[in-house]
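Spelled out from the first residue to the last, the chains are:
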Amino acid sequence: MAAELHVELVAADRSVWSGEATLVVARTTSGDIGVMPGHQPLLGVLESGPVTIRTSGGDTVIAAVHGGFISFADDKLSLLAEIAELADEIDVQRAERALERAKSDTDAAAERRADVRLRAVAVLR
């Protein structure tokens, strides 16, 4: 069994993160899933939520992911997201304003996106 897996987190408009990891936790339509080296092959639909990547170097990378797919085979994990942002790229004040605006406009989709962004940032704190 390999000690690490290669991870590619890609959004529709850019490559967000790529590297070696020991664990990735993501939310799928079937629930939260943790993928480690040697995991059974899988293909799933990503739900909006934070994705946690434990790198081989011991760091933790958090990303806010909004929809997409997850695929794993041969110790290669692909997260193909509609929208994805690393937590350290998120402007907290802007996300908080977006959440308040979405609540007042009763825009459930915008509220969910802003909430996911804020949850991703909260994990880092």
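Quick caveat: nothing in here was measured; it's all calculated off a predicted structure.

**Q** Can you walk me through the pairing of strand 7 (residues 76–86) in this structure?
**A** A regular strand places its side chains so that they alternate between the two faces of the sheet. In terms of strand pairing, strand 1 (residues 5–11) meets strand 7 through six bridges, oriented parallel. Considered in strand 7, the bridge of His6 is made with Lys76. Relative to strand 7, strand 6 (residues 60–73) runs antiparallel, the two being bridged by 10 bridges. Its bridge partner being in strand 7, Ala63 is matched across the sheet by Leu86.

**Q** Looking at this structure, how should I read the side chain of Glu85?
**A** With respect to the element layout, Glu85 can be found in strand 7. A polar side-chain atom of Glu85 sits 2.7 Å from a polar atom in the side chain of Arg117. Apart from residues no more than four positions distant in its own chain, Glu85 is found in contact with Arg14, Ile62, Ala63, Ala64, His66, Ile90 and Arg117.

**Q** Just checking my understanding: could you explain the layout of surface pockets for this structure?
**A** Taken as a whole, the largest pocket encloses approximately 180 Å³ of empty space. In terms of lining, the largest pocket is formed by His66, Ile83, Glu85, Arg94, Ala98, Arg101, Ala110, Arg113, Ala114 and Arg117. Elements with a contribution of two residues or more to the lining of the largest pocket: strand 7, helix 1 (92–104) and helix 2 (108–124). The biggest single contributor to the lining of the largest pocket is helix 2, with four residues. Across the lining of the largest pocket, the residue classes tally to four nonpolar, one polar and five charged. In terms of domain composition, the lining of the largest pocket takes at least three residues from each of domain 1 (5–86) and domain 2 (92–124).

**Q** Would you mind showing me how to read the pattern of salt bridges here?
**A** If the charged atoms of two oppositely charged side chains come close together, the side chains can form a pair. With the rule as written, the count across this model stands at four salt bridges. Of the charged contacts in the structure, one is a salt bridge between Arg27 and Asp32, with a shortest N-O distance of 2.7 Å. The class for Arg27 is partly exposed, based on a relative accessible area of 34%. Residue class for Asp32 comes out exposed when judged on its relative accessible area of 54%. The residue Arg119 makes a salt bridge to Asp115 at a minimum N-O spacing of 3.2 Å. Of the two residues, Arg119 and Asp115 both sit in helix 2, four residues apart, roughly one turn of that helix. When its relative accessible area of 31% is taken as the criterion, Arg119 is described as partly exposed. Assessed through its relative accessible area of 33%, Asp115 is described here as partly exposed.

**Q** Any chance you could explain the nonpolar core here in plain terms?
**A** Core analysis: the biggest nonpolar cluster contains 24 residues, and Val7, Leu9, Val24, Ile53, Val65, Leu77 and Leu79 have the highest contact counts within it. At the level of elements, strand 1, strand 2 (15–28), strand 4 (42–46), strand 5 (49–55), strand 6 and strand 7 are the ones that each hand at least two residues to this core. Aside from chain neighbours lying at most four places away, what touches Val7 is Trp17, Ser18, Gly19, Ala21, Val24, Ile53, Leu77 and Leu79. In this structure, Ile62, Val92, Leu99 and Val121 belong to the second largest nonpolar core, which totals 12 residues.

What counts, and where the lines are drawn
- Residues numbered from 1 in each chain as written.
- Predicted model: local features only at pLDDT ≥ 70, side-chain atom pairs only at ≥ 80, totals over all residues.
- Heavy atoms only, no water.
- Pairing = 2+ DSSP bridges.
- Helix = DSSP H or I, 4+ residues; strand = E, 2+ residues; numbered from the N terminus.
- Polar contact = N/O pair within 3.5 Å; in protein donor to acceptor, adjacent residues only side chain to side chain.
- Contact = heavy atoms within 4.5 Å.
- 1 Å grid on protein atoms, 1.4 Å probe; cavity = no way out; pocket = protein on both sides within 12 Å on 5 of 7 lines; lining within 4 Å.
- Points joined across faces, edges and corners; volume = space filled by probe spheres on them.
- Nonpolar A, V, L, I, M, F, W, Y, C, P; charged D, E, K, R; others polar.
- Domains from an automatic or database assignment.
- Salt bridge = Lys/Arg side-chain N within 4 Å of Asp/Glu carboxyl O.
- Buried < 20%, exposed > 50% of the residue type's maximum accessible area, 1.4 Å probe, protein only.
- Core = buried A, V, L, I, M, F, W, Y, C linked by side-chain atoms within 4.5 Å.

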